[in-house]
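A structural walkthrough
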Amino acid sequence: AVRTTHMTGTATDMGSALGRICARYCMKGFNYTDEDWDLHIVDRQKFVLMTCLLVSFIVGGDIGARGYRSFGVHSLFIPAGLTIILGIGHMLYSMMNREEMAQEKKAEEIFARQLSGQDAGEDADDAAAEQFIRQISGGGAKADRVEQFVRQISGKPSPTNGADAGLGA
């Protein structure tokens with residue numbers, strides 16, 4: 001039996017993301033600039049991801065049914081083999097990119113500290129991690145928006161606004 005209930009949340013998320021995109025498009029008078037699309041990238045990415053998950057579920061169910069008709073219970077060796085191959089591939093990738101992954105982990109720790117309101121510190125590792133965050137977020141205006149978002153969540157004033165408003169330490 002195929003459990004379609006596993007996909008109802010995915011379909012709901014896909015529909016809500018598409019609904020938000022369409023609603024914004026209608027509110028903008030059916031005219032979206034490139035900047036408008038950039039501001040709503042999360043919903044677009046979520047819609048694409050959820051669509052891929054839904055299509056994969058349907059295709060996987062079809063392949064599984066055909067495999068069972070052809071090979072019986074032995075058809076389970078196919079997903080087991082794929083899981084083993086992907087696991088070995090991930091292990092090799094992790095070993096080959098150990099330094100980059102350590103940098104990503106450090107950047108995630110700094111981001112978590114910033115979100116929780118703790119002081120991130122200013123040592124060399126933190127500066128390198130912050131640089132890495134800027135690189136993966138695309139730098140420039142996008143990185144500034146991420147930094148502004150983090151400051152808003154943590155309640156910390158921005159360096160320019162805090163000094164101007166007399167809120168700085």
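Residues numbered from 1 in each chain as written. Predicted model: local features only at pLDDT ≥ 70, side-chain atom pairs only at ≥ 80, totals over all residues. Heavy atoms only, no water.

**Considering the overall build of the chain**
In terms of regular secondary structure, the chain is built from eight helices and zero strands. Going from the N terminus to the C terminus, the chain shows its helices and strands as α-α-α-α-α-α-α-α. In the chain, which comprises 169 residues, the share counted as buried stands at 17%. When contacts within the chain are restricted to residue pairs at least 6 apart in sequence, long-range pairs at least 24 apart make up 43% of them. (Helix = DSSP H or I, 4+ residues; strand = E, 2+ residues; numbered from the N terminus. Buried < 20%, exposed > 50% of the residue type's maximum accessible area, 1.4 Å probe, protein only. Contact = heavy atoms within 4.5 Å.)

**Focus on the state of the cysteines**
In this structure the tally under the stated criterion is zero disulfides. The structure places no disulfide on Cys 22, whose sulfur is separated from the nearest cysteine sulfur, that of Cys 26, by 6.5 Å. (Disulfide = S-S within 2.5 Å.)

**Considerations on a negative patch on the surface**
A contiguous patch of negative charge, built from Glu 100, Glu 104, Glu 108 and Glu 109, is present on the exposed surface. Following the sequence through the fold, Glu 100 ends up in helix α5 (residues 98-116). (Patch = residues over 30% accessible without salt bridge, like charges linked within 9 Å, V, L, I, M, F, W, Y side chains within 5 Å. Areas by Shrake-Rupley, 256 points an atom, 1.4 Å probe, with all protein chains shown as cover. Salt bridge = Lys/Arg side-chain N within 4 Å of Asp/Glu carboxyl O. Lys, Arg positive; Asp, Glu negative; His and termini not counted. Charge placed at Lys NZ, Arg CZ, Asp CG, Glu CD.)

**Considerations on the pattern of salt bridges**
All chains considered together, the criterion is met by three salt bridges. Here Arg 24 ties to Asp 43 by a salt bridge, and the two come within 2.8 Å at their closest N and O atoms. Here Arg 24 is found in helix α1 (residues 8-27), whereas its partner Asp 43 is found in helix α3 (residues 41-71), with 19 residues between them in sequence. A salt bridge links Arg 66 to Asp 62; the nearest nitrogen and oxygen atoms lie 2.9 Å apart. With a gap of four residues between them, Arg 66 and Asp 62 both fall in helix α3, about one helical turn apart. Salt bridges linked by common partners bring Arg 20, Arg 24 and Asp 43 together as one network.

**Quick notes on α1**
Under the 1.5 Å per step criterion, the end-to-end length of α1 is 28 Å for 20 residues, consistent within 8% with the ideal 28 Å. Those residues of α1 that sit buried are Thr 10, Met 14, Ala 17 and Ile 21. Looking straight down α1, one finds that the buried residues subtend no more than 70° of arc, so they occupy a single side. What points out from α1, more than 90 degrees from its buried face, is the exposed set Thr 12 and Met 27. Tucked into the core, α1 has its buried residues touching α2 (34-39) and α3. Of the residues trailing α1, Gly 29 is marked for its positive phi of about 75°. (Expected span 1.5 Å × (residues − 1). Arc of directions from axis to C-beta.)

**Digging into the confidence of the model for the chain**
Averaged over every residue, the pLDDT of the chain is 78; the share at 70 or more is 67%. Within the chain, helix α8 (residues 159-165) has the poorest average pLDDT of any element, 49, and helix α4 (residues 77-96) the best, 94. Note that pLDDT drops below 50 for residues 161-169; the model gives that stretch five contacts with residues more than four away or on any other chain. (pLDDT = per-residue confidence, 0-100.)

**A closer look at a nonpolar patch on the surface**
Side chains of Ile 84, Ile 88, Met 91, Leu 92 and Met 95 sit close together on the surface and give an oily, nonpolar patch of about 490 Å² of accessible area. Inspection of the secondary structure assignment puts Leu 92 in helix α4. What makes Leu 92 partly exposed here is its relative accessible area of 43%.

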